[in-house]
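Chain and residue survey
Take a look at the letters that make up each chain.
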Amino acid sequence: MEDCLAKKMEITVSEAEKRTGRNAMNMQETYTAYLIETRAVESQSEGQCAPVDSLWRRYSEFELLRNYLSVTYPHIVVPPLPEKRADFVWHKLSADNMDPDFVERRRIGLENFLLRVASHPVLCQDKIFYLFLTQEGGWKEMVNETGFQLKADSRLKALNATFRVKNPDKRFTELKHYSDELQSVISHLLRVRARVADRLYGVYKVHGNYGRVFSEWSAIEKEMGDGLQSAGHHMDVYAASIDDILEEEEHYADQLKEYLFYAEALRAVCRKHELMQYDLEMAAQDLTSKKQQCEELATGTVRTFSLKGMTSKLFGQETPEQREAKIKVLEEQIQEGEEQLKSKNLEGRDFVKSAWADIERFKEQKNHDLKEALISYAVMQISMCKKGIQVWTNAKECFSKM
């Protein structure tokens with residue numbers, strides 16, 4: 001961790017800007033660009049003020065970066081991006097991805113994504129990631145030149161592997177189930193929070209009616225007027241405070257959403273292991289089949305029904321020379337298959353070792369982050385309740401003075 005990029009460079013996504021341009025179809029579109037600023041840490045420690053480098057990136061470029069990282073480092077739980085469009089929102093919150101409040105929260109999420117990558121012991125050393133932060137022009141071309149898209153596994157192949165792997169690794173199977181359950185639990189938690197926010201908003205705003213009624217009442221009372229007017233003012237302040245409270249709540253919700261999306265990153269690692277296991281099993285099966293064919297040709301016996309065997313019975317046996325030539329080809333294929341199987345076994349063991357090390361790192365991070373987020377959320381709720389008690393305490397004093 002001492003060599004990670006986050007220790008050497010300050011990284012911020014300092015602002016967001018709404019822009020208009022033309023897309024690949026030459027149609028006009030409106031999008032948001034984000035300003036990434038970086039500054040070297042080393043020169044600051046020497047008492048010098050390092051210059052700030054800055055460049056603009058679109059959300060789609062962040063997506064391209066993450067896709068590249070996911071394909072290039074399949075054994076790593078790659079940090080997720082913040083949502084492209086708002087989900088799990090309470091009714092007063094805009095789901096428009098151009099809404100200033102949503103754009104601001106996404107700006108924070110994108111900065112968090114960059115810091116997660118920059119702090120990762122492996123991802124932080126990636127050249128393409130460094131260029132994403134420091135080189136504005138030509139970056140997309142450089143990513144595409146890596147050929148990472150050709151390495152991406154098709155969904156059909158991944159689905160095939162899921163259902164046809166004969167000996168799945170129990171640890172990855174359990175991890176896959178855990179990621180499904182984690183996503184389900186956090187989704188439910190976010191839905192509950194959105195419903196509570198809706199009701200809380202209504203309760204607070206209704207307190208504004210107290211303020212209006214007390215104010216109207218104060219106008220017809222001489223001795224009680226001042227007390228009623230003051231109590232009404234406290235109620236108005238209480239009603240207005242909910243907007244800031246729920247805005248703060250959204251930031252805690254975004255922290256939970258990050259781990260909602262991390263669940264998919266965990267599943268991606270599990271899927272890649274399934275694919276590797278499937279390829280290994282297919283290679284082993286193919287090798288066994290070739291060895292059997294070679295044995296049948298050498299001994300002249302056929303153990304299983306085959307079209308070739310049926311053909312030889314109908315049209316006569318092969319000559320010794322033909323059989324020898326086929327045996328030679330099969331022996332070469334068997335040798336090649338054994339080397340390939342050995343290579344796949346080694347690759348699989350390396351993948352499991354690297355993946356599990358990163359999964360353990362992720363678990364520590366997750367436990368720490370979610371603990372902090374839930375404690376902060378609870379502290380915020382306690383503070384909110386204390387404010388409510390204070391408002392009614394103030395109102396009580398106002399009534400006492402009447």
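Residues numbered from 1 in each chain as written. Predicted model: local features only at pLDDT ≥ 70, side-chain atom pairs only at ≥ 80, totals over all residues. Heavy atoms only, no water.

For clarity, the cut-off: UniProt positions are given in the numbering used here, feature names are shortened, and annotations may be inferred rather than shown by experiment.
With an unreviewed UniProt entry as reference, the protein is termed SNX4 protein, source organism Mesembrinibis cayennensis. Note on the protein: under the UniProt heading Sequence similarities (unreviewed entry), the record states "Belongs to the sorting nexin family."

1. Here's the deal with the overall build of the protein
Quick reminder of the rule: Helix and strand definitions follow DSSP, with helices as H or I runs of at least four residues and strands as E runs of at least two, each counted in order from the N terminus. Note on classification: 1.4 Å probe, protein chains only; a residue is buried when its accessible area is under 20% of the maximum for its type, exposed when over 50%, partly exposed between these limits. In what follows, residue pairs with any heavy atoms lying within 4.5 Å of each other are defined as contacts. Values of accessible area rely on a 1.4 Å probe in the Shrake-Rupley scheme; residue burial ignores everything except the protein chains shown.
Assigned secondary structure in the protein consists of 13 helices and 3 strands. The burial tally for the protein puts 39% of its 402 residues in the buried class. Counting only contacts in the protein whose residues sit at least 6 apart along the sequence, the fraction spanning at least 24 positions is 75%. Total accessible area on the protein is roughly 24,000 Å²; 53% of this is exposed by carbon and sulfur atoms.

2. A closer look at the nonpolar core
Definition in use: Here, the term nonpolar core denotes a set of buried Ala, Val, Leu, Ile, Met, Phe, Trp, Tyr and Cys residues that are joined through side-chain atoms within 4.5 Å.
If you look at the biggest cluster of nonpolar residues, it comprises 34 residues, and the most contacted ones within it are Leu114 and Leu133. If you list the elements that add at least two residues to this core, you get strand 1 (9-22), strand 2 (28-40), helix 3 (59-72), helix 4 (100-119), helix 5 (127-134) and helix 6 (139-145). Among residues more than four places away in sequence, those in contact with leucine 114 are Ile11, Val13, Ile36, Phe62, Phe129, Phe132 and Leu133. Listed in part, the 23 residues of the second largest apolar core include Phe172, Ile186, Leu256 and Cys270.

3. Let's talk about the packing of helix 9 (residues 170-218) against helix 10 (residues 225-240)
Selection criterion: Comment: axis = line fitted to C-alpha atoms, over the contacting stretch for helices; angle = value between 0 and 180 degrees taken between N-to-C directions. Note on terminology: angles under 35 degrees are roughly parallel, angles over 145 are roughly antiparallel, angles of 65 to 115 are roughly perpendicular, and the others are oblique. The handedness criterion is simple: a crossing whose near helix is rotated anticlockwise from the far helix by less than a right angle is left-handed, and one whose near helix is rotated clockwise is right-handed. Here the term charged refers only to Asp, Glu, Lys and Arg, the term nonpolar to Ala, Val, Leu, Ile, Met, Phe, Trp, Tyr, Cys and Pro, and the term polar to all other amino acids, Gly among them.
Their axes nearest at 7 Å, the elements helix 9 and helix 10 cross at an angle of 160°. Judged by the angle between their axes, helix 9 and helix 10 are roughly antiparallel. For the element pair helix 9 and helix 10, the recorded crossing hand is left-handed. The residues of helix 10 that touch helix 9, namely those facing Tyr204, Lys205, His207, Gly208, Tyr210, Gly211, Arg212, Phe214, Ser215, Trp217 and Ser218, are Gly225, Leu228, Gln229, Ala231, Gly232, Met235, Asp236, Tyr238, Ala239 and Ala240. A class-by-class count of the residues in the contact of helix 9 with helix 10 yields 10 nonpolar, 8 polar and 3 charged.

4. Here we look at the pattern of salt bridges
Going by this rule: When a carboxyl oxygen of Asp or Glu is within 4 Å of a side-chain nitrogen of Lys or Arg, the pair counts as a salt bridge.
Tallied over the entire structure, the rule returns 24 salt bridges. Where salt bridges share partners, they join Asp180, Glu264, Arg267 and Arg271 into one cluster.

5. With respect to the environment of valine 143
Position of valine 143 relative to the elements: it lies in helix 6. When its relative accessible area of 0% is taken as the criterion, valine 143 is described as buried. Considered as a pair, valine 143 and leucine 65 are 78 residues apart in the sequence and their alpha carbons are 7.9 Å apart. Excluding its chain neighbours within four sequence positions, the residues that come into contact with valine 143 are Leu64, Tyr68, Ile128 and Phe148.

6. A few points about helix 11 (residues 242-299)
Where we set the bar: Under the convention used throughout, the expected extent of a helix is 1.5 Å for every residue step, that is, one less than its residue count.
An ideal rise of 1.5 Å per residue puts 86 Å on 58 residues; helix 11 measures up with 85 Å between its terminal C-alpha atoms. One or two residues past the end of helix 11 sits glycine 300, with phi positive at roughly 80°.

7. Concerning the packing of aromatic side chains
What counts is decided by this rule: Each Phe, Tyr or Trp ring (for Trp, its six-membered ring) is paired with any other whose centre lies within 6.5 Å, and the angle between the two planes then decides the class: stacked below 30 degrees, edge-to-face above 60, tilted in between. By definition here, charges over rings are those cases where NZ of Lys or CZ of Arg is within 6 Å of the ring centre and within 35 degrees of the ring normal.
All told, the structure shown has 14 aromatic pairs when counted by the stated rule. For the pair tyrosine 204 and tyrosine 238, a centre-to-centre distance of 4.3 Å together with 25° between the ring planes defines the contact as stacked. Residue tyrosine 204 is located in helix 9, and its partner tyrosine 238 is located in helix 10; the two are separated by 34 residues in the primary sequence. Residue class for tyrosine 238 comes out buried when judged on its relative accessible area of 11%. Aromatic pair tyrosine 210 and phenylalanine 214: ring centres 6.1 Å apart, planes at 15°, arrangement stacked. Highlighted residues: tyrosine 210 and phenylalanine 214, both in helix 9, separated by 4 residues, approximately one helical turn. Joined through ring pairs, the aromatic side chains of Phe62, Phe113, Phe132 and Trp139 make up one cluster. The ring centre of phenylalanine 132 lies 4.8 Å from the NZ or CZ of arginine 57, which sits over that ring. The cationic tip of arginine 58 hangs over the ring face of tyrosine 31; the distance from NZ or CZ to the ring centre is 3.8 Å.

8. Quick look at the packing of helix 8 (residues 155-164) against helix 11
Closest axis-to-axis distance for the helix 8/helix 11 pair is 9 Å, and the angle between their directions is 70°. Here helix 8 is positioned roughly perpendicular relative to helix 11, judged by the angle of their axes. Contact residues: helix 8 offers Lys157, Ala158, Asn160, Ala161, Thr162 and Arg164, while helix 11 offers Arg271, Glu274, Leu275, Tyr278, Asp279 and Glu281. Residue composition of the contact of helix 8 with helix 11, grouped by class: 4 nonpolar, 2 polar and 6 charged.

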